[in-house]
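# Understanding the architecture of this molecule
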Amino acid sequence: MSLIITDECINCDVCEPECPNEAIYQGEEIYEIDPDKCTECVGHYDEPQCQQVCPVDCIPLDPNNEETKEQLIEKYEKLTGESFAG
């Protein structure tokens, strides 16, 4: 699954710079996550960095974008051009 930012977002700006895939961006009202770029930090970190720094815990898994770990690895490899070493 990719992650999603809920409307509890307070636009604190801490999640965006933590995303290694540049999947987080400022939307019309709150930050948003591009599901085509979100790998839940697979290939980069053990845990999603945006979730780790979010002070209001508003970044859950997106139930409308279910992906297996294999799919996330494939997306990581496509986005970075690197082989998954994990």
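Residues numbered from 1 in each chain as written. Predicted model: local features only at pLDDT ≥ 70, side-chain atom pairs only at ≥ 80, totals over all residues. Heavy atoms only, no water.

## Observations regarding the overall build of the chain
- Within the chain one finds two helices and two strands.
- In terms of C-alpha radius of gyration, the chain reaches 12 Å, essentially the compact-globule figure of 12 Å for 86 residues.
- Counting every position in the chain, which comprises 86 residues, the buried fraction comes to 34%.
- Side chains of the chain carry 4 positive and 22 negative charges; the gap between the two charge centres is 9 Å. (Helix = DSSP H or I, 4+ residues; strand = E, 2+ residues; numbered from the N terminus. Rg over C-alpha atoms; globule rule 2.2 N^0.38 Å. Buried < 20%, exposed > 50% of the residue type's maximum accessible area, 1.4 Å probe, protein only. Lys, Arg positive; Asp, Glu negative; His and termini not counted. Charge placed at Lys NZ, Arg CZ, Asp CG, Glu CD.)

## Comments concerning the environment of Val53
- You can see Val53 is positioned in helix α1 (residues 49–53).
- In this structure Val53 comes out as partly exposed when scored by relative accessible area, which is 29%.
- Distance from Val53 to Ala23, taken between C-alpha atoms, is 15 Å for residues 30 residues apart in sequence.
- Setting aside anything within four residues of it in sequence, one finds Val53 in contact with Val14, Cys15 and Glu18. (Contact = heavy atoms within 4.5 Å.)

## A look at helix α2 (residues 69–80)
- Its 12 residues place the ends of α2 16 Å apart at the C-alpha level, agreeing with the 16 Å of an ideal helix rising 1.5 Å per residue.
- Along α2, the residues that are buried comprise Leu72, Ile73, Lys75 and Tyr76. In a view along the axis of α2, the buried residues occupy a sector of 160°, so they form one face of it. Those residues of α2 that are exposed and aimed more than 90 degrees away from the buried face are Glu70, Glu74 and Lys78. (Expected span 1.5 Å × (residues − 1). Arc of directions from axis to C-beta.)

## So, the nonpolar core
- Ile5, Cys15, Ile24, Ile33 and Ile59 are the most contacted members of the largest nonpolar core, which totals 15 residues.
- Residues in contact with Ile33, not counting those within four places in the same chain, are Leu3, Ile4, Ile5, Ala23, Ile24, Tyr25, Cys38 and Ile59. (Core = buried A, V, L, I, M, F, W, Y, C linked by side-chain atoms within 4.5 Å.)

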